[in-house]
Amino acid sequence: MQRVGVFVCWCGSNIAGTVDVQAVSEALKNEPGVVFSANYQYMCSQAGQDMIKQAIIEHKLTGIVVCSCSPRMHEATFRKTAQAAGINPYMVEIANIREQCSWVHKEMEIGTEKAIILGRAAIAKVNLNAPLTPGESPVTKRALVIGGGIAGIQTALDIADAGFCVDIVEKKPTIGGKMAQLDKTFPTLDCAACILTPKMVDVAQHEKIRIFSYSEVEEVGGFVGNFDVKIRKHARYVNEDICTGCGDCVSKCPMKKVPNEFNLGMDNRSAIYIPFAQAVPKVATIDPNACNMIKNGKCGLCARVCAAGAIDYTQQDEIIEEKYGAIVVATGFNPISMDQFDEFAYNQSKDVITSLEFERLTNAAGPSAGKLLRPSDGKHPQTIVFVQCVGSRCDACAEKGKEYCSKICCMYTAKHAMLTRDKYPDTDVYVFYIDVRTPGKNFDEFYRRAVEEYGVHYIKGMVGKVTPQGDKLKVQASDLLANKQLHIDADLVVLAAAIEPDASARPLATMLTASMDTNDFFTEAHPKLRPVESPTAGVFLSGACQGPKDIPETVSQAGAAAAKVIGLLAKDKLQGNPCVASANEMMCNGCSSCERVCPYGAITYENKEFRMPNRTTAIRRVASVNPAVCQGCGACTVACPSGAMDLRGFANKQIMAEVDAICK
């Protein structure tokens, strides 16, 4: 029998407000194996930890139970405390009486009773605990950044500047992401390209960074410190090592009617193209769906005009296999589709556009060379209506929009309105909004400038319908403050579309065994204490893959993710989780059920020779667990039909002892 000490935390009034901590302490004093029980206001404080250390020494404790908050918060703290006092850290159990008692019960009697039950279960388990020793595994000193937008660029630069090798995988032909499509950035109105382009060049020139553009992650295996990744590098049909980016092939290509993705389909590009002037790498790419030579073997003009001889129509996709110690997800965002918002006539009129399309119209490198012209007829619009929250905050229209606020729309609409009025003072600009949300540094002042200095008409109310009539757009809307209906003849309507995670996020999360929320944003390990870490060890989050963010917030998080990666890669070895699965070979029947459910590939099978009762030997197929790969999820213990699989630290007999303690 263990000598168990019980320590009940008040957590200020978080626990003590609805749990009688003194009664819990007294009740648990009489449980089997308990030789000491006490309570304290803040058990995680230095004084509380000193109390635990002193009790361990004085009462010769071999195990402790701390009744406090979630083990996600302070389990590591109490394990270090126990280890400092001479107890194996895995002889510590946490009974969560905050989240599971005080936060869900209002009556003290009920909360106290439940706290005693949870404490009793933890004592039953610690009585069956055994000391565990974590294994060690080496760390591969290379990081993978998935996504080449501003988040991925900043993360990669920070890691590389610390002296570690970094690979960036970007699915498009160039890095830069959404920021490369912007004209100006709020609230300073800096030129987006002027900020981004030097960063892109720094990445291309950094000796510690490799760029895999036009590539995608195809498979991820392994574990923290030792990830095995397969990257599919798509065929460009252009040799990157030879291409000089001169653009002769682009100008000579006869197929010039391919919708230009970079300009959101508002103009056309050639079948062979360089996305934009500052592209990194500055290498041409052939679109196999548009190239006549690849489709039917007729043309080949780009190969004839290429002085460097870089064109290669026979090029195939390449699979690159690499090991990484850490992975950073920076997959970014996309505006949601406007196809379901028929009330705004987006599919009926070319003059109803999204905010990102407006960015391209006002960009000097855009389809109209920076002149604000209507897409339908190329005329300058005199009246522009901006519609906020299209697809955002859609509690009543969740089937076609998003319930969350997209965070950046209020500010970029203020930017668009301000720049329009500054460059075209004769233009009337209306902004219809639900609420104006400007919580960032200098954000509200920026919005007020649009109203007070530039005369933008901000109207609290929603646009109900947009109807194309001739060369006008009839906008029917409400003014809630004036309590009246408005009818505006607009020349251009701009929709502030909600943003959502990139489509690659969900399949990538499956490969990484990373957590996602219901909106397909990656979930952090803890929203306050571990905001850039995924619950999956070694996987970190950067930028809008985790939620809507503006550029300053994205860059800040990129630096934070890089710091976490540097801290990981700086270690030569990592301690593994000792709570791993193990197979009882005498009970294993070799059915492979556990191997099929293991998400980490930690279980293999091998043939072993066993001595039989009749003094003969037999070869049997049995499961074998790689403790360095196993993450202790327990899926195999549930799937095993013979009960041969067990989890150290969470063995079946320990779980059943907890159940028995709860039920008695």
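Further up the page is the structure itself.
Residues numbered from 1 in each chain as written. Predicted model: local features only at pLDDT ≥ 70, side-chain atom pairs only at ≥ 80, totals over all residues. Heavy atoms only, no water.

**Section: the overall build of the chain**
In step 1: When its secondary structure is counted, the chain shows 18 helices and 34 strands.
In step 2: Projected onto the principal axes, the alpha-carbon positions of the chain cover approximately 85 × 70 × 40 Å.
In step 3: Taking all 664 residues of the chain together, 51% fall into the buried category.
In step 4: In the chain, 67% of the contacts between residues at least 6 apart in sequence involve partners at least 24 apart.
In step 5: Summed over all atoms, the accessible surface of the chain reaches about 29,900 Å², with 51% contributed by carbon and sulfur.
In step 6: Side chains of the chain give 71 positive and 73 negative charges; the mean places of these two sets differ by 3 Å. (Helix = DSSP H or I, 4+ residues; strand = E, 2+ residues; numbered from the N terminus. Buried < 20%, exposed > 50% of the residue type's maximum accessible area, 1.4 Å probe, protein only. Contact = heavy atoms within 4.5 Å. Areas by Shrake-Rupley, 256 points an atom, 1.4 Å probe, with all protein chains shown as cover. Lys, Arg positive; Asp, Glu negative; His and termini not counted. Charge placed at Lys NZ, Arg CZ, Asp CG, Glu CD.)

**A short note on the environment of Gly-590**
In step 1: Topologically, Gly-590 is positioned in the loop between β31 (581-583) and α16 (593-597).
In step 2: Along the backbone, Gly-590 and Tyr-605 are 15 residues apart, and their C-alpha atoms lie at a distance of 7.5 Å.
In step 3: Discounting residues that sit within four places of it in the chain, Gly-590 has contacts with Tyr-605 and Arg-621.

**Quick word on the sheet that holds strand β26 (residues 484-490)**
In step 1: Here three strands make up an open sheet; going across it, the order is β24-β25-β26 and the pairing antiparallel. Every other strand in the sheet has two partners, leaving β24 (463-469) and β26 as the edge strands with one partner each. Across the sheet, the mean angle separating the axes of adjacent strands is 20° when strand polarity is ignored.
In step 2: The pairing of strand β25 (residues 472-479) with β26 spans seven bridges and is antiparallel. If you follow Lys-474 over to β26, its bridge partner there is Asp-489. (Pairing = 2+ DSSP bridges. Axes fitted to C-alpha atoms, helices over the stretch in contact; angles between N-to-C directions.)

**Brief notes about the sheet that holds strand β23 (residues 457-460)**
In step 1: Overall, parallel pairing links the five strands, which are arranged β20-β27-β21-β22-β23 in an open sheet. Every other strand in the sheet has two partners, leaving β20 (352-354) and β23 as the edge strands with one partner each. Neighbouring strand axes in the sheet, compared pairwise and without regard to direction, differ in orientation by 25° on average.
In step 2: Pairing analysis gives three bridges linking β20 to strand β27 (residues 492-497), with the strands arranged parallel.

**Considerations on helix α14 (residues 505-512)**
In step 1: When α14 is considered as a whole, its buried residues turn out to be Ala-505, Leu-508, Ala-509 and Leu-512. Axial view of α14: buried residues confined to an arc of 105°, hence all on one face.
In step 2: Its buried side turned inward, α14 meets β6 (142-146), β11 (215-223), β18 (326-329), β28 (499-501) and β29 (539-541).
In step 3: Thr-513 sits one or two residues past α14 and shows a positive phi near 50°. (Arc of directions from axis to C-beta.)

**Structural notes on the packing of helix α6 (residues 150-161) against helix α15 (residues 551-569)**
In step 1: α15 packs onto α6 with a crossing angle of 40° between their chain directions and a minimal axis gap of 8 Å. You can see that α6 and α15 cross each other, and the crossing is right-handed. Contacts from Ile-150, Ala-151, Gln-154, Thr-155, Asp-158 and Ile-159 in α6 reach Thr-554, Val-555, Ala-558, Gly-559, Ala-562, Val-565, Ile-566 and Leu-569 in α15. (Left-handed = near helix turned anticlockwise from the far one by under 90°.)

**Describing unusual backbone geometry**
In step 1: Here the bond from Phe-186 into Pro-187 is cis, since omega is -5°, no more than 30 degrees from zero.
In step 2: Its location among the elements puts Pro-187 in the loop between β8 (184-185) and β9 (190-191).
In step 3: Of note, the bond from Val-280 into Pro-281 is cis; its omega dihedral lies within 30 degrees of zero at 0°.
In step 4: On the secondary structure map, Pro-281 appears in the loop between β15 (272-273) and β16 (285-286).
In step 5: In this structure, Cys-389 takes a positive phi of about 55° despite not being glycine.
In step 6: Secondary-structure assignment places Cys-389 in strand β21 (residues 383-390).
In step 7: Owing to a relative accessible area of 12%, Cys-389 belongs among the buried residues under this scheme.

**Remarks on a nonpolar patch on the surface**
In step 1: A cluster of nonpolar side chains, contributed by Phe-650, Ile-655, Met-656 and Val-659, occupies part of the molecular surface with about 320 Å² of accessible area.
In step 2: Within the secondary structure layout, Phe-650 lies in the loop between β34 (645-647) and α18 (652-663). (Patch = residues over 30% accessible without salt bridge, like charges linked within 9 Å, V, L, I, M, F, W, Y side chains within 5 Å. Salt bridge = Lys/Arg side-chain N within 4 Å of Asp/Glu carboxyl O.)

**Let's talk about the packing of aromatic side chains**
In step 1: Scanning all chains against the criterion turns up seven aromatic pairs.
In step 2: Look at Phe-186 and Phe-443: their rings are 5.5 Å apart centre to centre, the planes differ by 85°, and that puts the pair in the edge-to-face class. Linking Phe-186 in the loop between β8 and β9 with Phe-443 in helix α13 (residues 443-452), this pair joins segments that are 257 residues apart in sequence.
In step 3: Under the relative-accessibility criterion, Phe-186 is labelled buried at 13%.
In step 4: Taking the relative accessible area as the measure of exposure, Phe-443 reaches 8% and is therefore buried. (Phe/Tyr/Trp six-rings, centres within 6.5 Å; stacked < 30°, edge-to-face > 60°.)

**Some thoughts on the packing of helix α2 (residues 46-58) against helix α3 (residues 71-84)**
In step 1: Between α2 and α3, the least distance of the axes is 9 Å, while the angle of their chain directions is 40°. Put simply, α2 runs oblique to α3. Along this stretch, α2 crosses α3, giving a crossing that reads as right-handed. Packed against α2, whose contacting residues are Gln-49, Ile-52, Lys-53 and Ile-56, the element α3 presents Thr-77, Phe-78, Thr-81, Ala-82 and Ala-84 at the interface. (Parallel < 35°, antiparallel > 145°, perpendicular 65-115°, else oblique.)

**A closer look at the environment of Thr-523**
In step 1: Note that Thr-523 resides in the loop between α14 and β29.
In step 2: Judged by its relative accessible area of 26%, Thr-523 falls in the partly exposed class.
In step 3: Excluding anything up to four places from it in sequence, Thr-523 contacts Ser-515, Met-516, Asp-517, Glu-533, Ser-534, Pro-535 and Leu-541.
In step 4: There is a polar contact of 3.3 Å between the side chain of Thr-523 and the backbone nitrogen of Asp-517. (Polar contact = N/O pair within 3.5 Å; in protein donor to acceptor, adjacent residues only side chain to side chain.)

**Concerning the pattern of salt bridges**
In step 1: Counted under the stated rule, the structure contains 39 salt bridges.
In step 2: Of the charged contacts, one joins Asp-489 and Lys-474 as a salt bridge, the two residues approaching to 2.8 Å between their closest N and O atoms. In this pair, Asp-489 sits in strand β26 while Lys-474 sits in strand β25, placing the two residues 15 residues apart along the sequence.
In step 3: Note on Asp-489: relative accessible area 37%, which makes it partly exposed.
In step 4: A cluster of three or more residues bridged by salt bridges with shared partners is formed by Asp-351, Arg-374, Asp-377, Lys-472 and Asp-491.

**Topic: the nonpolar core**
In step 1: Membership of the largest hydrophobic core comes to 38 residues, with the highest contact counts inside it found for Ile-159, Ile-209, Val-565 and Leu-569.
In step 2: If you tally residues by element for this core, the top one is α6, at seven residues.
In step 3: If we ignore the near neighbours within four places in the chain, the residues touching Ile-209 are Ala-156, Leu-157, Ala-160, Val-166, Ile-168 and Val-203.
In step 4: Grouped together as the second largest cluster of nonpolar side chains are 36 residues, Ile-15, Met-43, Val-66 and Met-91 included. (Core = buried A, V, L, I, M, F, W, Y, C linked by side-chain atoms within 4.5 Å.)

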